[in-house]
Amino acid sequence: MGDMSEPAPLKWGLIGASDIAQTLMIPALRRMHQDILGLASNNADHAADFATRNEIPSQHGDFGLGRLLENPDIDAVYVSSTNEHHLAHAEAAAAAGKHVLCEKPLSVDLESARRITAVCATHGVVLGVNHHLPAAGTHRTVRELVRDGAIGRVLSVNVRHTSLLPERLRGWRLSDRPGAGVVMDLSCHDASVVNPLLGTRALETVAITVRQGRWETASEDASAAVIRYEDDVLVRLHDAFTTPNTPTYLEVHGDGGSIVANDVMTPEPIGTVLLRTERGDTEVDVPDRRHPYDVTIEYFARAVGGDGRPVVDGQDAVNALAVCQSILDSAHTGTRVPVDFQ
Ligand code: NDP
């Protein structure tokens, strides 16, 4: 991920007039000089406002998915509808020959997530998933330290991914809809980080999920999980919508030292990486401070051009979802649950 040159711009359609599109993806697409040609949404009035606010070309008031996918100029779509719609939207886009950059989690269950990867493969379109954390320079630096043996044999990983869910996002995430809850929202990010960091299979999970916020919620808003990976590596994930001002971190502990990456479970290109060994503490330089969304777009656009692969592809996202599913199943049944990892 060191090449700073930009790939050729793609022509994009957006599916979902979402908060994440407006706040993070559209600005990133524009920073990367990508062209946004249109928008599909469920709600024409909301979509019309959204299109105006975000300077998306007028489509004569037609924000239907069919209209967007009929546009032969569109190369790729960004799917940021709510999670239960990702399957239908990705399938329709792939069938229309559009490359798909889909929001995380890839879908609401493993079967439908696998179906998305299969459909994209059948239609020969690239599937990337916006698990943006693995694209961050901090996370890449941690992966390189581990790969280079800086802390010896890895024994455990701890992730704290906690904050207070902003008021504007307290909608479907706290509902009983499929894909709601903190595990699908945040633990899936953690798994997208830990899986490639360890490069081994997640084997089994024990977890407890709770509802601890000062709000009405039909789904879990905090979760603590322990996952055993191959070679008896222990991974602990603490995810919450409920704790304001909690610093996030990723720690990796080995038999030769530890890596402590503070403030790195965030979309912003911030955070520090500290290496602690018997020689003392060293703050490790993070050479790549680009926005993770920019890196995600760059790799996706290159992959569309036949060069390399997205930072997170469909299979990676399916495995992140497999970890989430095991957390939810363990919390639900009160038992250890195997991870359906591939
Ligand atoms: P929002 O509630 O803001 O947006 C969801 C959008 O889905 C709505 O704008 C709605 O559009 C659209 N939608 C719902 N049904 C349909 C439909 N049938 N057809 C077309 N569009 C539909 O959600 P968020 O921005 O909070 O989240 C959107 C996605 O992005 C989720 O998958 C979420 O997990 C992911 N996300 C990822 C983040 C990351 O860190 N990578 C961070 C935040 C979110 P309309 O109202 O116009 O119908």
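Quick look at the structure, then. (Residues numbered from 1 in each chain as written. Predicted model: local features only at pLDDT ≥ 70, side-chain atom pairs only at ≥ 80, totals over all residues. Heavy atoms only, no water.)

### Describing the pattern of salt bridges
Part 1 of the reasoning: Evaluation of the coordinates by the stated rule reveals 20 salt bridges.
Part 2 of the reasoning: Of the charged contacts, one joins D288 and R140 as a salt bridge, the two residues approaching to 3.3 Å between their closest N and O atoms. Of this pair, D288 sits in the loop between β13 (280-284) and α8 (292-304) while R140 sits in helix α6 (residues 137-147); the two residues are 148 residues apart in sequence, bridging distant segments of the chain. A single burial state applies to D288 and to R140, both of which are buried.
Part 3 of the reasoning: In this structure, the salt-bridge partner of R302 is E298, at a minimum N-O distance of 3.2 Å. Residue R302 and its partner E298 are located together in helix α8, separated by four residues, close to a single helical turn. In this pair, the class of R302 matches that of E298, namely buried.
Part 4 of the reasoning: One salt-bridge network, in which partners are shared between bridges, spans R140, E144, D288, R290, E298 and R302. (Salt bridge = Lys/Arg side-chain N within 4 Å of Asp/Glu carboxyl O. Helix = DSSP H or I, 4+ residues; strand = E, 2+ residues; numbered from the N terminus. Buried < 20%, exposed > 50% of the residue type's maximum accessible area, 1.4 Å probe, protein only.)

### Topic: the sheet that holds strand β5 (residues 127-129)
Part 1 of the reasoning: The five strands are arranged β2-β1-β3-β4-β5 in an open sheet whose pairing can be described as parallel. Only two strands of the sheet have a single neighbouring strand rather than two, namely β2 (35-40) and β5. Mean inter-strand twist for the sheet, computed between neighbouring axes without regard to direction, equals 20 degrees.
Part 2 of the reasoning: Here strand β4 (residues 99-102) pairs with β5 via three bridges, running parallel. Following the sheet pairing, C102 is matched in β5 by V129. (Pairing = 2+ DSSP bridges. Axes fitted to C-alpha atoms, helices over the stretch in contact; angles between N-to-C directions.)

### Details of the packing of aromatic side chains
Part 1 of the reasoning: Counted under the stated rule, the structure contains one aromatic pair.
Part 2 of the reasoning: Ring centres of W12 and F300 lie 5.4 Å apart, and the angle between their planes is 35 degrees; on these two criteria the pair is classed as tilted. In this pair, W12 is assigned in strand β1 (residues 11-15) and F300 in helix α8, connecting sequence segments 288 residues apart.
Part 3 of the reasoning: For W12, a relative accessible area of 0% puts it in the buried group. (Phe/Tyr/Trp six-rings, centres within 6.5 Å; stacked < 30°, edge-to-face > 60°.)

### Some details on the nonpolar core
Part 1 of the reasoning: By size, the foremost hydrophobic cluster in this structure holds 77 residues, and its most contacted members are L250 and V252.
Part 2 of the reasoning: Per-element accounting of this core gives the leading share, 10 residues, to helix α7 (residues 182-198).
Part 3 of the reasoning: Apart from the residues within four sequence positions on either side, V252 is in contact with V142, V146, I151, V154, S156, V157, L197, G257, S258 and I259.
Part 4 of the reasoning: One finds L10, A17, M32 and I297 within the second-largest nonpolar core, a separate group that totals 27 residues. (Core = buried A, V, L, I, M, F, W, Y, C linked by side-chain atoms within 4.5 Å. Contact = heavy atoms within 4.5 Å.)

### A short note on the side chain of N83
Part 1 of the reasoning: The residue N83 is located in the loop between β3 (76-79) and α4 (86-95) in this model.
Part 2 of the reasoning: The class of N83 is buried, set by a relative accessible area of 3%.
Part 3 of the reasoning: At a separation of 3.0 Å, a polar atom in the side chain of N83 contacts the main-chain carbonyl oxygen of G179.
Part 4 of the reasoning: Not counting residues up to four positions away in its chain, the partners in contact with N83 are K104, P105, S107, V108, W172 and G179. (Polar contact = N/O pair within 3.5 Å; in protein donor to acceptor, adjacent residues only side chain to side chain.)

### Regarding the sheet that holds strand β11 (residues 257-262)
Part 1 of the reasoning: A sheet is described by the order of its strands in space; here nine strands give the open sequence β13-β12-β11-β10-β6-β9-β8-β7-β14, paired in mixed fashion. Looking at which strands have only one partner, the edges of the open sheet turn out to be β13 and β14 (337-338).
Part 2 of the reasoning: The pairing of strand β7 (residues 202-210) with β14 spans two bridges and is antiparallel. By the bridge assignment for β14, T205 is matched with V337.
Part 3 of the reasoning: Against the sheet, α7 makes contact with β6 (154-162), β7, β8 (222-229), β9 (233-240) and β10 (249-254), and its axis sits at roughly 150 degrees relative to β9, the strand it touches most.

### A word on the environment of P310
Part 1 of the reasoning: Tracing the backbone through its elements, the reader meets P310 in the loop between α8 and α9 (314-333).
Part 2 of the reasoning: Taking the C-alpha atoms as reference, P310 lies 4.7 Å from F300; in sequence the two are 10 residues apart.
Part 3 of the reasoning: Other than its neighbours up to four places away in sequence, P310 contacts V126, L127, G128, Y299 and A303.

### Side note on the site of the ligand
Part 1 of the reasoning: Surrounding the ligand, one finds 26 residues, the nearest of these being A17, D19, S41, N42 and N83.
Part 2 of the reasoning: Within the backbone of N130, an N or O atom sits 3.1 Å from a nitrogen atom of the ligand.
Part 3 of the reasoning: At 3.1 Å from an oxygen atom of the ligand is found a side-chain nitrogen or oxygen belonging to W172.
Part 4 of the reasoning: Starting from 900 Å² of accessible surface for the ligand in isolation, the protein chains cover 84%.
Part 5 of the reasoning: Here the ligand is seated within the largest pocket.
Part 6 of the reasoning: Every element with two or more residues in the shell around the ligand is listed here: α1 (19-31), α4 and α7.
Part 7 of the reasoning: Here the residues of the shell around the ligand are counted per class, giving five nonpolar, 16 polar and five charged. (Near = heavy atom within 4 Å. Areas by Shrake-Rupley, 256 points an atom, 1.4 Å probe, with all protein chains shown as cover. 1 Å grid on protein atoms, 1.4 Å probe; cavity = no way out; pocket = protein on both sides within 12 Å on 5 of 7 lines; lining within 4 Å. Sits in = over half its atoms within 2 Å of the grid points. Nonpolar A, V, L, I, M, F, W, Y, C, P; charged D, E, K, R; others polar.)

### Description of the packing of helix α5 (residues 110-122) against α9
Between two packed helices, the angle of one axis relative to the other and the distance separating the axes together describe the packing.
Part 1 of the reasoning: Axis separation between α5 and α9 bottoms out at 9 Å; the angle between their running directions is 180 degrees. When the interaxial angle is binned, α5 and α9 end up roughly antiparallel. Residue-level contacts link L110, A113, R114 and T117 of α5 to G314, Q315, V318, L321, A322 and Q325 of α9.
Part 2 of the reasoning: Partitioned by chemical class, the residues of the contact of α5 with α9 number five nonpolar, four polar and one charged. (Parallel < 35°, antiparallel > 145°, perpendicular 65-115°, else oblique.)

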